[in-house]
Amino acid sequence: MPADNAAERTQEIRPAKYAKAETGFAWLRLIGASMVVVEHSFPLVDPQRLTILPASWDLSPGYFALMGFFAMSGFQITDSWTRDASWWRYVAKRVLRIWPPLLVVVMVTAFVIGPLVTVLDAAEYWTDTATWGYVVHNAALYPLQHLLPGVFAENPYPWSANGSLWTLPMETTGYALVLVAGLTGLLSRARVGLFALLAGIIVLDAFLGATHTFQGRGGSLLSVPVGAMVAFGVAFVIGMVMHRYHGTIPLSRAAAYAGVAVYLVVNFVPVLQPAARFVLPFAAGYGAIVWAHHWPRRLARYDKWVYGSYGMYIWAMPVQQLIVFAGVRNSYLLMALALPLAYACGLLSWLFVEIPTQRLRVYLRPQPKSRRNVRSRDSVSGRGAHRRERTGV
């Protein structure tokens, strides 16, 4: 079947008990964002503790969630390209999706939160070039700037006002990868080339040796850890491959659960543990895409409440740092307070920033060749196209 219609036609023949895949992706992203909030609640109180799990387990639920995020992005962004292979519209859609919410959170952090919590006096804060550099650098994504002058300087974790932003340059690198792959034909006639790309990035990941503690070779490029960017890139390319071979690669729930089980076994068996980092992106990536396609239909009625995951993700750490600034020093209390507040911020971002900017995508629609083509396309895509527009992919 044609690649650009594969997801829609698969949806038509799937059992009615499953929601549309877009709904599943939205729910999983919200769950993943919540897992990241949970994970961050520990180092923000005690920088020596990186995760909710015992350190001896060498497991990170937040890192697992991020791997799932990148695989889902690889799948959905590839779908966006195959539906409209226009480079400039593709770039414009990506900018509209990621940049307006980012600019809002960066400006509020620098111009509202910063002056309220900095240890510097007002004149020092506003005349410091790093205050303005925080907005410029983080809005541009490359290079990121994590510190604001004197902001959260007395918190247990004073090294970043919003550490969650560190994955966004990697996400935009994935967008660029899809663009290059699309323009060079890797996403169409030369699909086998995607497997060569996947093999190459796995080999590079093996050489750099990054783990969820972000240790490894490669250093950083424009403030982005190269090892971590390649590690997440493996999951992103897995998503690309799964989209282009949608219908060929089976979406088996049993295989998804088996993948997670294999990852846990490999991680806990000392002799096998070095392989865990290679199993992880496949277990998390394949699992996320499978679960999105098998999401319970009964939950679709609540999907309007789950599209704020991006806003929740980028607002969570400033919210958590403010709670810690207010005196909270218990990770579980921080978690209990931060989860609903971060979710509320994400929902507000979705309603008042993301939906209005996504409406501008109407100007990016390709011009139909005839009115008949418009009717045909609308009758095929139906609500699925509307949902894709809401997710912003």
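Remember, it's a predicted structure, so these values are computed and weren't measured experimentally. (Residues numbered from 1 in each chain as written. Predicted model: local features only at pLDDT ≥ 70, side-chain atom pairs only at ≥ 80, totals over all residues. Heavy atoms only, no water.)

Asker: Is there a simple way to explain the overall build of the protein in this structure?
Answerer: What the protein contains, in helices and strands, is 14 helices and two strands. A total of 393 residues make up the protein; the buried ones form 52% of that total. (Helix = DSSP H or I, 4+ residues; strand = E, 2+ residues; numbered from the N terminus. Buried < 20%, exposed > 50% of the residue type's maximum accessible area, 1.4 Å probe, protein only.)

Asker: Can you help me understand the packing of helix α3 (residues 61-83) against helix α4 (residues 87-117) in this one?
Answerer: Where α3 contacts α4, the axes come no closer than 10 Å and their chain directions differ by 145°. The chirality of how α3 crosses α4 is right-handed. Touching Ile 77, Ser 80 and Trp 81 of α3 are Trp 87, Tyr 90, Lys 93 and Arg 94, all from α4. (Axes fitted to C-alpha atoms, helices over the stretch in contact; angles between N-to-C directions. Left-handed = near helix turned anticlockwise from the far one by under 90°. Contact = heavy atoms within 4.5 Å.)

Asker: Honestly, unusual backbone geometry in this entry has me stumped. Any pointers?
Answerer: Excluding glycine, residues mostly carry a negative phi; peptide bonds, for their part, are mostly trans. The omega torsion of the bond from Tyr 142 to Pro 143 falls at -10°, within 30 degrees of zero and hence cis. The residue Pro 143 is located in the loop between α6 (129-140) and α7 (168-183) in this model. Phi angles above zero are rare outside glycine, and Asp 58 is one such case at about 55°. Tracing the chain through its elements places Asp 58 in the loop between α2 (21-40) and α3. By relative accessible area, which is 35% here, Asp 58 ends up partly exposed. Of note in the backbone geometry, Phe 152 takes a positive phi value of approximately 55° without being a glycine. Mapped onto the elements of the fold, Phe 152 is located in the loop between α6 and α7.

Asker: What exactly am I supposed to notice about the environment of Ser 34 here?
Answerer: Here Ser 34 is to be found in helix α2. In this structure, the C-alpha to C-alpha distance between Ser 34 and Tyr 343, residues 309 residues apart in sequence, is 8.2 Å. If sequence neighbours within four positions are ignored, Ser 34 has contacts with Met 312 and Leu 339.

Asker: What should I look at first to understand the packing of α4 against α6 in this one?
Answerer: How two helices sit against one another is set out by the angle between their axes and by the gap between those axes. Closest axis-to-axis distance for the α4/α6 pair is 9 Å, and the angle between their directions is 165°. On the basis of the axis angle, α4 is roughly antiparallel to α6. Crossing of α4 against α6: the hand is right-handed. Contact residues: Trp 99, Leu 102, Leu 103, Val 106, Met 107, Thr 109, Ala 110 and Phe 111 in α4; Thr 131, Trp 132, Tyr 134, Val 135, Asn 138 and Ala 139 in α6. (Parallel < 35°, antiparallel > 145°, perpendicular 65-115°, else oblique.)

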